[in-house]
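Secondary and tertiary structure notes
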Amino acid sequence: MNRHTVLSCVLLLSVLSLFCYRTPERIPSGTWSYRLLLNGNEVGSAVMSNRREGNSYVSTSELQMKAGQVMNVSRQEVTESLDFRPQKLETHNKIIMAGAVQRIDTVAEFSGRTVKLTMGSDISTVTLDRDVVLDGNYFIDAMIKHGFKKNTKLEAYIYDPSIEIESPILLTSKVMGKKMITVNNETFPCIHIVDTIENIKSFDRYIDGNGVLVKAVLNMLNLTVELERK
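For the structure given in this document, a descriptive report is provided here. One numbering rule holds for all chains: residues counted from 1, following each sequence as written. Selection of residues for local features in this predicted model requires a pLDDT of at least 70, selection of side-chain atom pairs for listing and counting requires 80 or more, and totals for whole chains, interfaces and linings are taken over all residues. As a rule here, side-chain values come from all non-hydrogen atoms in the structure, and water together with hydrogens is ignored.

Here we look at the overall build of the protein chain
To be explicit about the condition: The way it works is that DSSP assigns letters per residue, a run of H or I at least four long becomes a helix, a run of E at least two long becomes a strand, and they are numbered from the N terminus. Summary of the burial criterion: residues with accessible area below 20% of their type's maximum are buried, those above 50% are exposed, and those between are partly exposed, where the area comes from a 1.4 Å probe applied to protein chains only. Two residues qualify as a contact provided that any one of their heavy atoms is within 4.5 Å of a heavy atom in the partner residue. Two residue types count as positive, namely Lys and Arg, and two as negative, namely Asp and Glu; His and chain ends fall outside the count. Positions of charges follow a simple convention, taking NZ of Lys, CZ of Arg, CG of Asp or CD of Glu.
When its secondary structure is counted, the protein chain shows 2 helices and 14 strands. Principal axes of the C-alpha set define a box for the protein chain whose edges measure 80 × 45 × 35 Å. In the protein chain, which comprises 230 residues, the share counted as buried stands at 40%. Put simply, of all contacts in the protein chain between residues at least 6 apart along the chain, 40% involve residues at least 24 apart. With 27 positive and 26 negative side-chain charges, the protein chain shows a separation of 7 Å between the mean positions of the two kinds.

What follows is the structure, given as structure tokens:
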């Protein structure tokens with residue numbers, strides 16, 4: 001084998017190594033920025049982060065979206081124990097239009113199945129009929145334990161007062177397989193996951209070998225909402 005052939009083989013192996021599929025081995029930690037698109041048009045941005053804080057995991061997502069003269073700014077923070085028991089769920093929405101600002105704040109604090117729910121100035125207590133998790137790190141940890149094998153399907157009841165105040169809702173997460181995803185002219189070997197919240201909505205997620213979201217797609221009626229990592 002001549003030198004040119006050897007160099008060609010080395011180059012080919014180097015290129016192929018860039019596209020090797022890896023499966024996440026641990027819960028990701030860090031901060032990531034995204035473009036927000038509506039029907040293919042960029043309308044805003046999002047920032048997501050995940051960290052361990054003492055004996056808790058804290059996951060946050062912040063989103064800004066402009067539609068005409070209306071600006072929507074939302075922030076959600078999920079706090080869960082290291083064994084994924086729910087501790088706190090905060091959602092803060094701000095709608096800005098013609099100089100006027102409307103705020104919608106919701107905080108759910110958990111003590112077992114008892115939830116102290118604060119919505120604006122109203123405080124109430126909800127007793128759930130089953131144990132729940134939050135849409136934080138529970139599912140990715142479970143997927144790691146299953147090795148992200150194709151057709152792996154996980155189900156758990158979550159609590160989200162923006163969907164249902166009194167009752168938990170079922171979230172199903174299924175591994176569809178592997179797929180190459182291109183965002184910002186860069187291609188990533190990803191794992192395709194479909195999340196379904198009962199019969200309300202479903203969306204596609206594509207995560208890289210570190211478990212970090214590369215792209216998410218939600219189709220509703222005639223709208224397609226996408227997040228693409230910057």
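A word on a nonpolar patch on the surface
As a reminder of what qualifies: Exposure above 30% relative accessible area and no salt bridge define the residues that can form patches, which grow by joining like charges within 9 Å and nonpolar side chains of Val, Leu, Ile, Met, Phe, Trp and Tyr within 5 Å. The Shrake-Rupley method, run with a 1.4 Å probe sphere, supplies the accessible areas, and residue values consider only the shown protein chains as cover. Whenever a carboxyl oxygen of Asp or Glu lies within 4 Å of a side-chain nitrogen of Lys or Arg, that contact is scored as a salt bridge.
A cluster of nonpolar side chains, Met-220, Leu-221 and Leu-223, forms an exposed patch at the surface whose accessible area comes to about 330 Å². On the secondary structure map, Met-220 appears in strand S13 (residues 213-220). For Met-220, a relative accessible area of 37% corresponds to the partly exposed category.

Some words on the environment of Leu-63
By the element assignment, Leu-63 lies in strand S3 (residues 56-67). Between the alpha carbons of Leu-63 and Ser-74 there is a distance of 5.3 Å; along the sequence they are 11 residues apart. Among all residues touching Leu-63, those that are not within four sequence positions of it are Leu-36, Ser-45, Ala-46, Asn-72, Val-73 and Ser-74.

Observations concerning the packing of aromatic side chains
Put simply, the rule reads: Pairing of aromatic side chains requires ring centres within 6.5 Å, counting the rings of Phe and Tyr and the six-membered ring of Trp. Pairs whose planes differ by under 30 degrees are stacked, by over 60 edge-to-face, and all others tilted.
On inspection of all chains with the given rule, the structure shows 4 aromatic pairs. The interplanar angle of 80° and the centroid separation of 6.3 Å between the aromatic rings of Phe-84 and Tyr-138 together place this pair among those described as edge-to-face. Separated by 54 residues along the polypeptide, Phe-84 in the loop between strand S4 (70-81) and strand S5 (86-97) and Tyr-138 in helix H2 (residues 138-145) bring together distant segments of the chain. Taking the relative accessible area as the measure of exposure, Phe-84 reaches 9% and is therefore buried. The interplanar angle of 90° and the centroid separation of 5.2 Å between the aromatic rings of Tyr-138 and Phe-139 together place this pair among those described as edge-to-face. Tyr-138 sits in the partly exposed class, given a relative accessible area of 26%. Pairwise contacts between aromatic rings join Tyr-57, Phe-84, Tyr-138 and Phe-139 into one cluster.

With respect to the nonpolar core
Looking at soluble globular proteins, one finds that nonpolar side chains tend to be buried together. To keep it simple, the criterion reads: Nonpolar cores were defined as sets of buried Ala, Val, Leu, Ile, Met, Phe, Trp, Tyr and Cys residues, with membership established by side-chain atoms within 4.5 Å.
Counting 20 residues, the largest nonpolar core has Phe-139, Phe-148, Ile-158, Val-175, Ile-191 and Ile-193 as the members making the most contacts within it. Contributing elements (two or more residues each) for this core: H2, strand S9 (153-158), strand S10 (169-183) and strand S11 (186-197). Here the element with the most residues in this core is H2; it accounts for 5 residues. Residues within four places of Phe-148 in sequence aside, it is in contact with Thr-23, Pro-24, Ile-140, Met-143, Val-175, Ile-191, Ile-193 and Ile-207. Val-78, Ala-108, Leu-117 and Leu-134 belong to the second largest nonpolar core, which has 11 residues in total.

Some points on the pairing of S13
Each regular strand displays side chains that alternate between the two surfaces of the sheet. Selection rule: When DSSP locates at least two bridges between a pair of strands, those strands are taken to pair.
Within S13, 6 of the 8 residues are buried, which leaves the element mostly enclosed by the surrounding structure. Across 5 bridges, strand S12 (residues 201-207) lies against S13 in antiparallel orientation. Across the sheet, residue Asp-204 finds its bridge partner in S13, namely Val-217. Remark: 5 residues form the turn of the hairpin made by S12 and S13, two consecutive strands paired antiparallel; Gly-211 in that turn has positive phi of roughly 85°. Note: S13 against strand S14 (residues 223-229), 6 bridges, orientation antiparallel.

What to know about unusual backbone geometry
Positioned with a positive phi, Phe-148 is a non-glycine residue whose angle comes to about 55°. The topology assignment puts Phe-148 in the loop between H2 and S9. For Phe-148, a relative accessible area of 7% puts it in the buried group. Look at Asn-184: it is not a glycine, yet its phi comes out positive at around 50°. By secondary structure assignment, the location of Asn-184 is in the loop between S10 and S11.

Distances and angles like these do not, on their own, reveal function.
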